[in-house]
Amino acid sequence: MTRRPMVHGIASQIVIRSHYAATRDFWCARPEHLSAVPLDVWRNLTQPDGQCSFRDAPYQQLTLDLFFEYFASFANATNDALQADTVPVASAGCASYEFDDSSFGQTIVAEFGLVCDRAHLVSIVEMCFLAGAALGSVGSGWISDQFGRRHTLMGFALTQALTGLALGFVTSLELYMALRVVLGFASMSVAVVSFVLVVELVSGRYRTIIGILNILPVALAYIMAAGIAYVTRDWRTMQFAITLPGLVLVSVWYWCPESPRWLLAKGRLDELYQLLERAATTNGLQLPDHCRKSLVVASTNGDEPEVAVTVGDVFRRKFIRTTLVMIVVWFGIILIYFGITLHLSNLGGDIYLNTVIAGSVEAIAICVSIVVVLKLGLRINLFLYMVIAGLSCIVMNFVPDGNLWLIITLAMIVKCCVGACNAIIPTFTAYQYPTTMRNLGVGVGNFAAGVALIIVPYLWLLEHVDQYLPMTIMGVFSIIGALSLAVLKDKLSSKYRQRKLAKKMASNEVIHSEDARARIESHFPRPAEDAGFSNIGFAQNESIFL
């Protein structure tokens, strides 16, 4: 109940960025005394070689009439003379810029002048959020494993809301970048911890269903973000609009339940029993009389004694294979997920409509994947989706020029498959680790996803090396991730459960046999000279007396 709205935070931050940090047409602003010069004339005369070049001239001394007379002298000038008078805008003293506001209002790029010699700062600003998200994916896992899912979740939700509000008031680019690091850490922490919480609140097949549905708000956030961006057209208003729901969600802190599995793993049985009573009362049920005694038995029969869990534990011998595979799979999924999303904007059309379509396609894919997963299992579906997505990316390289609809169709296939993968992978990862390490396991996967997010903006720069390289890299990584799943076990499959049950029954039989032997020997002790020999036959025959 908590994750669905809260995941809107990180999804909105990523999607909204494409709107309020979007690149637009711009030009050097006209001085106030020359504001009557028509815009097209101003641009043609002062910036003939592009947006980041500016013709050096004494603009402050030119009146409106002298402006046209001055530039009339360039009509008969040679190309060499014209180029000599054209310098970078920073050198020409361009004090400010004007931006095309036909599609967007005030953006980060426009407010802080992140163009020309400052254009590289756009990537750095985005890196701040993604770096914070990468750190939060691992750090939040350790924090919640130590201090509980509930307080960690709500604490970071409050941090996310307060930081988001503060961002709407900043006037300094440096402060904005610092707050984006904090916001990235908090947003990813909310995403990771809330997923683990809702998965641990249910069991059986519902855990799979909730785990997949848990990612559905990400797709819905795409649609909502497009609507918010279309209505507000201003990055500050937009920032407030996507932040205020987080403050409302913090109000459910008191009613938000703690993870019962975490309470059991920590031995906090009184709190666990109160939580179960509360759940039973809410659902009109009554707990059995032996419930508290069963909790004590379950707590004392844990697989391992309670120890402090660190990030290094997921790389120990028992889990290192699982962790390495999860890193490869998460990296491949996120690389292709956001890589193809970024590429969709190059297909043309309205950016708001494109975002709505992409979100709708992903939402449908997530809902359909629930039915398919319940029939075939998590691992086989994850494998098939990643293979199909990877092959579709590679096939797109061989589509002849001009077949736009075929390219769009393949892109939608990739979007559907990778959207389903994005919904399945958190649940699949959670099943690979025990309760006390589950948050860390999912967090390590999210860290790999954060690294992929940082790489994606630069992936498409490889088009300048080879136009087929970006799609090929995404396709290959997706197929490699799919093949690496072969070394893992699908712990939801019926075969795995049957083998595990058979192993457990065999273990119980051994224990019972050893107990019986001890009881027999207590009645019929063996002679000292026979101590070195097994008396299995005797024990089996005499067991009829016990």
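Residues numbered from 1 in each chain as written. Predicted model: local features only at pLDDT ≥ 70, side-chain atom pairs only at ≥ 80, totals over all residues. Heavy atoms only, no water.

**Some words on helix α21 (residues 435-459)**
The end-to-end C-alpha distance of α21 is 36 Å, a good match for the 36 Å that 25 residues give at a rise of 1.5 Å each. Here α21 lies mainly inside the structure; 18 of its 25 residues are buried. (Helix = DSSP H or I, 4+ residues; strand = E, 2+ residues; numbered from the N terminus. Expected span 1.5 Å × (residues − 1). Buried < 20%, exposed > 50% of the residue type's maximum accessible area, 1.4 Å probe, protein only.)

**Side note on the packing of aromatic side chains**
Aromatic ring pairs are reported here in terms of the distance separating the ring centres and the angle at which the planes meet. All chains considered together, the criterion is met by seven aromatic pairs. Pairing Phe 169 with Phe 240 gives two aromatic rings, centres 5.1 Å apart and planes at 55°, and the pair type is tilted. Taken together, the residues Phe 169 in the loop between α9 (149-167) and α10 (173-200) and Phe 240 in helix α13 (residues 235-250) connect sequence positions 71 residues apart. By the ring-pair criterion, three or more aromatic residues cluster together here, those being Phe 112, Tyr 176 and Trp 235. A cation over a ring is seen here: Lys 415 above Tyr 222, with NZ or CZ 5.2 Å from the ring centre. Above the plane of the ring of Tyr 337 lies Lys 415, whose end atom (NZ or CZ) is 4.4 Å from the centre. (Phe/Tyr/Trp six-rings, centres within 6.5 Å; stacked < 30°, edge-to-face > 60°. Lys NZ or Arg CZ within 6 Å of the ring centre and 35° of its normal.)

**Some points on a nonpolar patch on the surface**
Residues Leu 376, Ile 380, Leu 384, Ile 388 and Ile 413 make up a contiguous nonpolar surface patch of roughly 390 Å² in combined accessible area. Ranked by the residues each element gives to the nonpolar patch, the list is headed by helix α19 (residues 378-396), at three residues. Mapped onto the fold, Leu 376 is located in helix α18 (residues 351-376). (Patch = residues over 30% accessible without salt bridge, like charges linked within 9 Å, V, L, I, M, F, W, Y side chains within 5 Å. Areas by Shrake-Rupley, 256 points an atom, 1.4 Å probe, with all protein chains shown as cover. Salt bridge = Lys/Arg side-chain N within 4 Å of Asp/Glu carboxyl O.)

**Focus: α9**
Here α9 spans 27 Å end to end across 19 residues, near enough to the 27 Å set by a 1.5 Å rise per residue. All of the buried residues in α9 are Arg 149, Arg 150, Thr 152, Leu 153, Met 154, Phe 156, Ala 157, Gln 160, Ala 161, Thr 163, Gly 164 and Leu 167.

**What about the nonpolar core?**
One finds Met 326, Ile 333 and Leu 382 to be the most contacted residues of the largest nonpolar core, which totals 96 residues. Those residues in contact with Leu 382 that sit more than four places away from it in its chain are Val 329, Ile 333, Cys 421, Ile 424, Ile 425, Phe 428 and Leu 485. One finds Cys 28, Val 37, Trp 42 and Phe 67 within the second-largest nonpolar core, a separate group that totals eleven residues. (Core = buried A, V, L, I, M, F, W, Y, C linked by side-chain atoms within 4.5 Å. Contact = heavy atoms within 4.5 Å.)

**Some points on the confidence of the model for the protein**
Low-confidence regions, as indicated by low pLDDT, have predicted coordinates that should not be scrutinised in detail. When pLDDT is averaged across the protein, the result is 75; 75% of the residues are at 70 or more. Segment residues 78-84: pLDDT under 50, and three contacts once partners within four positions in sequence are set aside and those in other chains are kept. Overall, residues 526-546 carries pLDDT values under 50, and its contacts beyond four positions in sequence, including any with other chains, amount to 14 contacts. (pLDDT = per-residue confidence, 0-100.)

**Observations concerning the environment of Ala 186**
Counting through the fold element by element, Ala 186 comes out in helix α10. Leave out the neighbours within four places in its chain, and Ala 186 touches Phe 156, Thr 159 and Gln 160.

**Notes on the environment of Gln 286**
Relative to the helices and strands, Gln 286 resides in the loop between α15 (269-282) and α16 (291-300). Residue Gln 286 is classed as exposed on the basis of its relative accessible area of 73%.

**Quick word on the pattern of salt bridges**
Following the criterion strictly, the structure yields four salt bridges and no others. The partner of Arg 149 in a salt bridge is Glu 200, with the nearest N and O atoms 2.9 Å apart. Residue Arg 149 is found in helix α9, and its partner Glu 200 is found in helix α10; the two are separated by 51 residues along the sequence. On the basis of relative accessible area, Arg 149 is assigned to the buried category, the value being 0%. Residue classification places Glu 200 among the buried positions, given a relative accessible area of 0%. Across the salt bridge formed by Glu 362 and Lys 415, the nearest N and O atoms sit 3.7 Å from each other.

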